[in-house]
Amino acid sequence: MTAFGRRGWCPDAWRPMMAGDGLIVRVKPRFARLTRPQVEALADLAGRFGSGALDLTNRANLQIRGVREGGWRELLAALVDNGLVDEDPEAEGRRNVLVAPGWKPGDETARIGEALLARLSELPRLPGKMGLAVDTGASAVLTACPADFRIERAEGGGLLIRLDGRESGVAVHAEEAADRVLDLARWFIESGGIAAGRASRHLAPLPAWATGKSRPVRTSLRCDPGYGVPFGRIAATSLVELMDVTGAAALRITPWRRIHPESSVASPVAGFLLGTDDPLLRTDACPGAPDCPSSSVQTRELAARLAPRIAGRLHVSGCAKGCARSRPSDVTLTGRDGAFDLAFGARAGDPPAHRGLSAEQLIAHFGAS
């Protein structure tokens, strides 16, 4: 097992991470899609080997919480048998491909995603948090989601490949997209990207072939909201209930901590939020103490009380790692030594406007009841 506090990596099923409530075992559904048998298996396994709770991540993955160390090997074998985890640990570790959740079988997103998954063994060894995004719909939806190499729809209607953090990229055809991703990943390693850790922090000049003026289409602000999961935490059995109520053949996990059933039915289901108006849907909060040993503060109770009083995006992080959200938020609270630092338009751990505030002081500051 690996110590919880280490930076620069994410747990997966073959490398679980110890948290305050037990092991975290990550499941990466292929194309972020779960069939009915997979959902039923996941609910059963999460209850038998863990606490029964799942976390949805900003990479459209699921994390089984509270797994007992003695049962991990049996859980892992069952996940492999149900097609939820790759039987090759190296392949599972590389399978960090995020696709726009609106993909359809045979479309460009699906074809490019399949090509990338088939060639992941050719990738050089990258830092653990690095990933790929395939976002080839009519408008971009993954711009704010964590990814380092991006294949996107260009303003002119074609496709482009772009390094995260760069405003433009180079035009590519769908058939060559996987080749170009591999080339860009090799350049990242050869040009010293390991020291930077992420593409957005790697400022080396791009190779000539990857330098272009193609810009991605504007980000879409309109999409099916699906079923929201407050703070990304849900009982695994609730996924089965969601399928029962909606009659869905499968569920699609999104990086926005929402779930899209493959169904036209949109009926209320306990534990989920429908629509877009609930302030909890624009609030990010990690598990905090005591679930996470890196956190010295409780997070989600405070986040729930403050959410109705914050006009924009709220992020409550138990520590400076900012696991729940890597992008800036309108209001960001970062736990430190049992108190909170308050920042505006910032990421977790950024220099704060106010330091060492208690939960009670923050509640009073924002006028929360």
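This text gives an overview of the structure that appears in the document. (Residues numbered from 1 in each chain as written. Predicted model: local features only at pLDDT ≥ 70, side-chain atom pairs only at ≥ 80, totals over all residues. Heavy atoms only, no water.)

Take the sheet that holds strand β18 (residues 329-336) next. Sheet architecture is open: five strands sit in the order β16-β17-β18-β19-β20, paired in mixed fashion. Each edge of the sheet is formed by a strand with only one pairing partner; in this case those strands are β16 (283-285) and β20 (354-357). Direction aside, the axes of adjacent strands within the sheet are offset by 20 degrees on average. (Pairing = 2+ DSSP bridges. Helix = DSSP H or I, 4+ residues; strand = E, 2+ residues; numbered from the N terminus. Axes fitted to C-alpha atoms, helices over the stretch in contact; angles between N-to-C directions.)

It is worth spelling out empty space enclosed by the protein at this point. What the rule picks out here adds up to three cavities of 30 Å³ or more. Approximately 220 Å³ is the volume found for the largest cavity. R59, R95, N96, V97 and L98 are, among the 19 residues lining the largest cavity, the residues nearest its centre. Only β6 (97-99) and α4 (108-118) provide two or more residues apiece to the lining of the largest cavity. The element best represented in the lining of the largest cavity is β6, accounting for three residues. Split by residue class, the lining of the largest cavity holds 11 nonpolar, four polar and four charged. Of the volumes computed, that of the second largest cavity is approximately 50 Å³. Lining the second largest cavity, in full, are I161, R162, L163, R166, S168, G169, V170, L184, L206, W209 and A210. Among the elements that line the lining of the second largest cavity, the one with the most residues is strand β9 (residues 159-163), at three residues. Across the lining of the second largest cavity, the residue classes tally to seven nonpolar, two polar and two charged. (1 Å grid on protein atoms, 1.4 Å probe; cavity = no way out; pocket = protein on both sides within 12 Å on 5 of 7 lines; lining within 4 Å. Points joined across faces, edges and corners; volume = space filled by probe spheres on them. Nonpolar A, V, L, I, M, F, W, Y, C, P; charged D, E, K, R; others polar.)

What follows is about the nonpolar core. Judged by nonpolar contacts, the single largest core of 45 residues is most densely connected at L42, L54, I64, L79, L239, I259 and F272. Residue assignment for this core shows that the elements contributing at least two residues are β2 (22-27), α1 (36-49), β4 (53-56), β5 (62-67), α2 (72-81), α7 (236-246) and β13 (250-253). Per-element tally for this core: the top contributor is α1, with six residues. L126, L163, A185 and W187 belong to the second-largest nonpolar core, a separate cluster that totals 32 residues. (Core = buried A, V, L, I, M, F, W, Y, C linked by side-chain atoms within 4.5 Å. Buried < 20%, exposed > 50% of the residue type's maximum accessible area, 1.4 Å probe, protein only.)

Each turn of an α-helix holds 3.6 residues, which means side chains three or four residues apart point in the same direction. When we look at burial in α4, the residues that qualify are T109, A110, I112, G113 and L116. As for α4, its buried residues are in contact with β6, β7 (132-135), β8 (149-153), β9 and α5 (177-190). Of the residues flanking the start of α4, the one acting as N-cap is D107, its side-chain oxygen 3.3 Å from the backbone nitrogen of T109. (Contact = heavy atoms within 4.5 Å. Polar contact = N/O pair within 3.5 Å; in protein donor to acceptor, adjacent residues only side chain to side chain.)

We now examine the sheet that holds β4. Across the sheet, five strands lie side by side as β1-β2-β5-β4-β12; this open sheet has antiparallel pairing. Each edge of the open sheet carries a strand with a single partner, namely β1 (17-19) and β12 (233-235). With strand direction ignored, the average angle separating the axes of adjacent strands in the sheet is 35 degrees. In terms of strand pairing, β4 meets β12 through three bridges, oriented antiparallel. Each bridged residue has a counterpart across the sheet, and for L54 the counterpart in β12 is I234. Lying over the sheet, α2 contacts β2 and β5, oriented at roughly 10 degrees with respect to β2. Where α7 meets the sheet, its contacts fall on β4, β5 and β12, and the angle it forms with β12 comes to roughly 75 degrees.

We now examine the pattern of salt bridges. A side chain of one charge can pair with a side chain of the opposite charge when the charged atoms of the two come close. Taken as a whole, this structure holds 29 salt bridges when the rule is applied. In this structure, E40 and R36 form a salt bridge, with 2.9 Å as the shortest nitrogen-oxygen distance. Of this pair, E40 and R36 both sit in helix α1, separated by four residues, roughly a single helical turn. (Salt bridge = Lys/Arg side-chain N within 4 Å of Asp/Glu carboxyl O.)

Let us look at the packing of aromatic side chains. Aromatic ring pairs are reported here in terms of the distance separating the ring centres and the angle at which the planes meet. Tallied over the full model, the rule gives three aromatic pairs. Seen in terms of ring centroids, Y227 and F272 are 5.9 Å apart; in terms of plane orientation they differ by 85 degrees. Their pairing is edge-to-face. Of this pair, Y227 sits in strand β11 (residues 227-228) while F272 sits in the loop between β14 (258-261) and β15 (273-274), placing them 45 residues apart in sequence. On the accessibility criterion, Y227 (3% relative accessible area) is buried. Over the aromatic face of W209 sits the side chain of R180, whose NZ or CZ is 5.5 Å from the ring centroid. Directly above the ring of W103 sits R252, whose terminal nitrogen or CZ lies 4.0 Å from the centroid. (Phe/Tyr/Trp six-rings, centres within 6.5 Å; stacked < 30°, edge-to-face > 60°. Lys NZ or Arg CZ within 6 Å of the ring centre and 35° of its normal.)

On to the packing of α1 against α2, then. Where α1 contacts α2, the two axes come as close as 11 Å, and the packing angle between them is 175 degrees. Relative to α2, the element α1 is oriented roughly antiparallel. Contacts from L42, L45, R48 and F49 of α1 reach α2 at E74, L75, A78 and L79. The residue makeup of the contact of α1 with α2, split by class, is six nonpolar, no polar and two charged. (Parallel < 35°, antiparallel > 145°, perpendicular 65-115°, else oblique.)

This next bit is on the packing of α1 against α7. Their axes nearest at 7 Å, the elements α1 and α7 cross at an angle of 150 degrees. Taken together, the axes of α1 and α7 lie roughly antiparallel to each other. Seen from above, α1 lies across α7 with left-handed handedness. From α1, R36, V39, E40, L42, A43 and A46 reach across to α7, where they touch A236, T237, L239, V240, M243 and D244. (Left-handed = near helix turned anticlockwise from the far one by under 90°.)

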